Amino acid sequence: YEAGIKIMKEEIESEKPSKFLNPWNSSCEDPTKHLNTARKMVPPELLNNTGVLMMETDRHQEAEINLQEALKNVEKMIDVSNVSTTPADEEPQKDKRLMALRLNIRFNLACCLENAHKIGEATERFRALIKDEPSYTDAYLRLAYLARARGDVKRALDYVDSARANFKKGYN
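Caption draft 1: Quick look at helix H4 (residues 44-56). If you check H4, its first and last C-alpha atoms are 18 Å apart, about what 13 residues at 1.5 Å a residue would give, namely 18 Å. Residues of H4 that are buried include every one of Pro44, Leu47, Asn48, Gly51, Val52, Met54 and Met55, and no others. Along the long axis of H4, the arc covered by the buried residues comes to 165 degrees, so they all point the same way. Along H4, the residues that are exposed and aim more than 90 degrees away from the buried face are Leu53 and Glu56. One or two positions beyond H4, positive phi appears at Asp58, with a value near 60 degrees.

Here it is in structure tokens:
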């Protein structure tokens, strides 16, 4: 694993990239554009973790900035992986690891907004999460908590019921 990372790093840093960038060569006009972007982009995992740590130390504005950047970077990675690995006549296959990472970043960003007392924005983001991923139990539970905090016990219970109804064993 570490050897593979070292090889990829050397390849990315080299002036003349070879076989690792062949998918880009076949699908992009200028593969060095993507290479230069990749060199500048902070990994979304790092930004996500940094954002969570800042959120836990009540540095909500900095956390939100890091999480927004993480989301932006993972979206770029998803776009590039779709373009670079899919033949023109096929439907793009989503990278499951990147899709899971995007879901996690979106949840963390919603939690950050909640902790920063931006309840309306947080609620919208949690709702968007369950719209895109109906079995995301934690998003339902955060919505239930927010509804309960507003005094809307009926809605809170509805969210808990929805979480139960959409639960997938071994998935959440």
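Once the structure has been displayed, the description carries forward.
Caption draft 2: Representation of the packing of aromatic side chains. By the definition in use, this model includes 2 aromatic pairs. Ring centres 5.3 Å apart and planes at 20 degrees place the aromatic pair Phe107 and Tyr136 in the stacked group. Placement of Phe107 in helix H6 (residues 96-115) and of Tyr136 in the loop between helix H7 (119-132) and helix H8 (137-149) is noted, with a sequence separation of 29 residues between them. Residue Phe107 is classed as buried on the basis of its relative accessible area of 12%. Residue class for Tyr136 comes out buried when judged on its relative accessible area of 14%.

Calculation rules
Residues numbered from 1 in each chain as written. Predicted model: local features only at pLDDT ≥ 70, side-chain atom pairs only at ≥ 80, totals over all residues. Heavy atoms only, no water. Helix = DSSP H or I, 4+ residues; strand = E, 2+ residues; numbered from the N terminus. Expected span 1.5 Å × (residues − 1). Buried < 20%, exposed > 50% of the residue type's maximum accessible area, 1.4 Å probe, protein only. Arc of directions from axis to C-beta. Phe/Tyr/Trp six-rings, centres within 6.5 Å; stacked < 30°, edge-to-face > 60°.

So far we have only geometry, and geometry alone does not tell us how the molecule works.
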